[in-house]
Amino acid sequence: MSRLVIEAGKTERAYWSDLWRYRELFFFLSWRDILVRYKQTVIGVLWAVIRPVLTIAIFTVIFGKMAGMSSGGIPFPVFVCAGTLPWQFFATAMSEASNSLVANANMLSKIYFPRLIVPASAVIVAFVDLLISLVIVAALMAWYHVMPTWRLVTLPLFTALGMFAALGAGFWLSALNVKYRDFRYVIPFVVQFGFFISPVGYSRDEILRRMPNLLGKTIYQLYPLNPMDGVINGFRWAIGGRSTVLLDWNSVLISILVVILIAAFGLRYFRSTEKTFADIIRSEEHTSELQSPCNL
């Protein structure tokens, strides 16, 4: 006769190996989210292309034609595309990861598995969107005769940097979203605010050109603290071909350090609160049952 031995703390010690053991669940959740995203849409995966194309067109007119901002030698649509795609990838990945635990609350309250799988699998949807939208980059580079160079091989590195930034923020916000449900209203504001302080339609050098005073210099120095500054500038440098765009490796290094801090803090907070997720969800389910009309 086989015996089941329950040992205190064993689950905690085997947590990281469980991530590998439950890899099929990770793939299942990722594939399910991808199917749900595109299955009931009229034009399917074209949504991953239409949204950035509209953003690129609007920013090209506003920043390129009307404001006359510099693009460092890159055709302005390519310049804006290199800022739009990584930002939308980060914003979508962070938003999906932040809401993933609440969206899968029924699983959290019923079965055991490493909860990190849920927000991590949600990021895959945004990554698929990015892969599809890379068609826009190829089309614009061909249209404007931007010949790729060896720098193109660094594109996955900057993509990984943006992914780790989204994961770190997603771990933190998803844990907060379970405990404080009003964070679902905070997340869109965070995304919108981050959009305005990220160089999506302009370059960081444009700040000094437009504001050659102490305030402009201060903002210029603080910009690398935004991890997406290094990611976006890296994208532009990678797909800029033989343009005169230079990459400030010091700012990239700062962005990498900030991403490491965000990921470490987000992971630490997630793991410290993970044990309470199921209890909070069960408590909310019990409260909802008591407040339902059938029980009044």
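Described in the following lines is the structure provided in the data block. Counting of residues starts from 1 at the beginning of each chain's written sequence and follows it residue by residue. pLDDT decides what is reported in this predicted model: residues at 70 or higher carry local features, side-chain atom pairs at 80 or more are listed and counted, and totals for whole chains, interfaces and linings draw on all residues regardless. Hydrogens and water molecules were not included; the side-chain quantities draw on all heavy atoms of the structure.

**Some points on the nonpolar core**
- Working definition of a nonpolar core: buried Ala, Val, Leu, Ile, Met, Phe, Trp, Tyr and Cys residues. They are joined through side-chain atoms within 4.5 Å. A 1.4 Å probe rolled over the protein chains alone gives each residue an accessible area, and that area as a share of the maximum for its type sets the label: buried under 20%, exposed over 50%, partly exposed in between. Of all hydrophobic cores here, the largest spans 71 residues; its most connected members are Cys81, Trp87, Phe90, Leu101, Ile239 and Phe270.
- Looking at this core element by element, the count peaks at 15 residues for helix H5 (residues 76-103).
- Cys81 has contacts with Ile56, Pro86, Ile136, Val137 and Leu140, leaving out every residue within four places of it along the chain. The helix count covers DSSP runs of H or I at least four residues long, the strand count covers runs of E at least two residues long, and both are numbered beginning at the N terminus. Residue contacts follow a heavy-atom distance rule, with two residues in contact if any of their heavy atoms lie within 4.5 Å.

**Remarks on the packing of H5 against helix H9 (residues 183-196)**
- An axis is simply a line fitted to the C-alpha atoms; with a helix, the fit covers only the stretch in contact. Between two such axes, the angle follows the N-to-C directions and lies from 0 to 180 degrees. Here H5 crosses H9 at 165°, and the two axes come no closer than 11 Å. Taken together, the axes of H5 and H9 lie roughly antiparallel to each other. Every pair of crossing elements has a handedness; the one defined by H5 and H9 is right-handed. When H5 is examined against H9, the residues Trp87, Ala91, Met94, Ser95, Ser98 and Asn99 are found in contact with a partner set consisting of Arg184, Ile187, Val190, Val191, Gly194 and Phe195.
- Of the residues assigned to the contact of H5 with H9, the class counts are seven nonpolar, four polar and one charged. For classification purposes, an angle smaller than 35 degrees is called roughly parallel, one larger than 145 roughly antiparallel, one from 65 to 115 roughly perpendicular, and anything else oblique. Take the far helix as the reference: if the near one is turned anticlockwise from it by less than a right angle, the crossing is left-handed, and if turned clockwise, right-handed. Three categories are distinguished: nonpolar for Ala, Val, Leu, Ile, Met, Phe, Trp, Tyr, Cys and Pro, charged for Asp, Glu, Lys and Arg, and polar for the others, with Gly belonging to the last.

**A word on the layout of surface pockets**
- Roughly 500 Å³ of internal volume is contained in the largest pocket.
- In this analysis a 1.4 Å probe is tested at points of a 1 Å grid over the protein atoms alone, and where it fits but cannot get out there is a cavity; an open set with protein on both sides within 12 Å along at least five of seven lines is a pocket; lining residues have an atom within 4 Å of a point. Surrounding the largest pocket, 24 residues form its lining, Val190, Ile197, Asn226, Pro227 and Ile262 being those nearest its centre.
- Looking at the lining of the largest pocket, the elements that each hand over two or more residues are H5, helix H8 (155-179), H9, helix H11 (214-222), helix H12 (227-239) and helix H13 (249-273).
- Here the lining of the largest pocket takes five residues from H8, the largest share from any one element.
- Of the residues in the lining of the largest pocket, the class split is 19 nonpolar, five polar and no charged. Grid points are joined across faces, edges and corners, and a volume is the space filled by probe spheres set on the points.

**Here we look at H13**
- Counted at 1.5 Å a residue, the expected span for H13 with its 25 residues is 36 Å, and the 36 Å between its end C-alpha atoms agrees.
- Three or more residues of H13 are buried, namely Ser251, Val252, Ser255, Val258, Val259, Gly266, Phe270, Arg271 and Thr273.
- Within 3.5 Å is the distance limit for a polar contact, defined as a pair of N or O atoms, with the added protein rule that one can donate a hydrogen and the other accept it, and that residues adjacent in sequence qualify only through two side-chain atoms. For H13, the side-chain oxygen to backbone nitrogen distance between the N-cap and Asn250 is 3.2 Å, and the N-cap itself is Asp248. Expected helix span is taken as 1.5 Å per residue step, with the number of steps being one fewer than the number of residues.

**Concerning the side chain of Ser174**
- Of note, Ser174 is situated in helix H8.
- Within the structure, the side chain of Ser174 is placed 2.8 Å from the backbone oxygen of Gly170, a separation counted as a polar contact.
- The contact partners of Ser174, leaving out residues within four places of it in the chain, are Ala97, Ser98, Leu101, Pro119 and Phe270.

**Quick look at a nonpolar patch on the surface**
- Nonpolar side chains collect at one region of the surface, where Val186, Phe189, Val190, Phe193, Phe196 and Ile197 lie side by side and expose about 560 Å² of accessible area between them.
- Turning to its location among the elements, Phe193 is positioned in helix H9.
- Here Phe193 falls in the partly exposed class, since its relative accessible area comes to 48%. The patch calculation keeps residues exceeding 30% relative accessible area without a salt bridge and links them within 9 Å when they carry like charges or within 5 Å when they are nonpolar (Val, Leu, Ile, Met, Phe, Trp, Tyr). Note on areas: these come from Shrake-Rupley sampling with a 1.4 Å probe, and a residue is covered only by the protein chains present in the view. For this analysis, a salt bridge means a side-chain nitrogen from Lys or Arg found within 4 Å of a carboxyl oxygen belonging to Asp or Glu.

**Observations regarding the environment of Asn177**
- Here Asn177 is to be found in helix H8.
- Residues Asn177 and Ile187 lie ten residues apart in sequence; the distance between their C-alpha atoms is 9.3 Å.
- When near neighbours in sequence (up to four residues on either side) are disregarded, Asn177 contacts Ser98, Asn99, Val102, Phe183, Arg184 and Ile187.
- Polar side-chain contacts of Asn177 include one of 3.1 Å to the side chain of Asn99.

**A look at the packing of aromatic side chains**
- The criterion for an aromatic pair is that two Phe, Tyr or Trp rings (for Trp, the six-membered ring) have centres within 6.5 Å, with stacked assigned to planes under 30 degrees apart, edge-to-face to planes over 60 apart and tilted to the rest. All chains considered together, the criterion is met by 16 aromatic pairs.
- Centroid distance Trp87 to Phe195: 6.2 Å. Interplanar angle 50°. Geometry classified as tilted. Pair noted here: Trp87 is in helix H5 and Phe195 is in helix H9, with a separation of 108 residues, a long-range link.
- The class for Trp87 is buried, based on a relative accessible area of 7%.
- Summarising the aromatic geometry, the rings of Phe89 and Phe127 are spaced 6.4 Å apart at their centres and angled 65° between planes, so their arrangement reads as edge-to-face. Taken together, the positions of Phe89 in helix H5 and Phe127 in helix H7 (residues 117-143) put the pair 38 residues apart, joining distant regions of the chain.

By themselves, these are just geometric observations and shouldn't be taken as functional.
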